[in-house]
Amino acid sequence: NAGVTQTPKFRVLKTGQSMTLLCAQDMNHEYMYWYRQDPGMGLRLIHYSVGEGTTAKGEVPDGYNVSRLKKQNFLLGLESAAPSQTSVYFCASRPGQGFNEQFFGPGTRLTVL
Amino acid sequence: AQSVTQLGSHVSVSEGALVLLRCNYSSSVPPYLFWYVQYPNQGLQLLLKYTSAATLVKGINGFEAEFKKSETSFHLTKPSAHMSDAAEYFCAVSDPRAANQAGTALIFGKGTTLSVSS
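Small disclaimer: the values here were computed from a predicted structure and weren't measured. (Residues numbered from 1 in each chain as written. Chains lettered and ligands numbered in written order. Predicted model: local features only at pLDDT ≥ 70, side-chain atom pairs only at ≥ 80, totals over all residues. Heavy atoms only, no water.)

Enquirer: With reference to specific residues and values, describe the interface of chain A and chain B.
Expert: The accessible area lost on association of the parts is a frequent measure of interface size. Taken together, the contacts link 24 residues of chain A with 26 residues of chain B. Carbon and sulfur atoms make up 52% of the surface buried where chain A meets chain B, a total of about 1800 Å² over both sides. Per-residue buried area on chain A facing chain B is highest for N100, E101 and F104 of chain A; these three make up 30% of the total on that side. Applying the counting criterion to the chain A and chain B interface returns one salt bridge. Across the pair E101 of chain A and K49 of chain B runs a salt bridge, and its minimum N-O distance is 3.0 Å. For the pair chain A and chain B, the number of links is four residue pairs in polar contact (both at pLDDT 80 or more). Counting residues per element, the ones that place at least two in the side of chain A that touches chain B are β4 (31–38), β5 (42–51) and β9 (87–94) of chain A. At five residues, β5 of chain A tops the list of elements feeding residues into the side of chain A that touches chain B. Residues belonging to the side of chain A that touches chain B are distributed by class as follows: twelve nonpolar, nine polar and three charged. (Contact = heavy atoms within 4.5 Å. Buried area = accessible area lost by both parts, 1.4 Å probe. Salt bridge = Lys/Arg side-chain N within 4 Å of Asp/Glu carboxyl O. Polar contact = N/O pair within 3.5 Å; in protein donor to acceptor, adjacent residues only side chain to side chain. Helix = DSSP H or I, 4+ residues; strand = E, 2+ residues; numbered from the N terminus. Nonpolar A, V, L, I, M, F, W, Y, C, P; charged D, E, K, R; others polar.)

Enquirer: Explain the sheet that holds strand β8 (residues 73–78) of chain B to me, and be specific about the residues and the numbers.
Expert: All names here are of chain B. Taking strand neighbours across the sheet as the criterion, the five strands line up as β1-β3-β8-β7-β6 in an open arrangement whose pairing is antiparallel. The two strands at the open ends of the sheet, each matched to only one other strand, are β1 (3–7) and β6 (56–58). Each strand axis lies, on average, 20° off the axis of its neighbour in the sheet, ignoring direction. Note that strand β7 (residues 64–68) and β8 share five bridges and pair antiparallel. Bridging from a neighbouring strand, A65 pairs with L76 of β8. (Pairing = 2+ DSSP bridges. Axes fitted to C-alpha atoms, helices over the stretch in contact; angles between N-to-C directions.)

Read these as spatial facts, not as claims about activity.
The structure is reproduced here in structure tokens:
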């Protein structure tokens, strides 16, 4: 079991460029989440998904889009990157109803110049 | 709405000393509570969780936390710090009613960095 994996681990973008972050989990979890972590801010929820083909907005969704075409994958897209999106991005998954614990990936460190 | 406050963004202790990381929560219902640890350049790992069973919860690596409803607290402790405990620690809260609802996320505190000196 690899658990939750994220690709890439690091990325540097220029303002206006686009990119997609990939999250994959092999635990057959229903729910998946994207968070961003900024110094002194803790983790803030960007978007989440409660199942294949469904997505919903979290606390800080602006500037991001997501897709969950397959149960095991949750993609986070930045259409036009801005310096304010410089952050560490974490993906997490949760088994489903009746479980509150989330399992986290190792993170993607993104810098937007 | 639920919220979490971690008192002290940075805590420094000597090796062998008591570790105390403070977490207070705000919730309209008795919450589920979690402590996660993040080692440098790694993701978050669950240390322990409180889900309305015993109020004293034991976790991995010798950590424990006590749920005190009257104080709305869930402080993390370890009797004797080790150099390997140096990391960032996050307290998080969740609404137990959401366990059977779709897509509820954890609400995280801002984190406390623990430094351990020899």
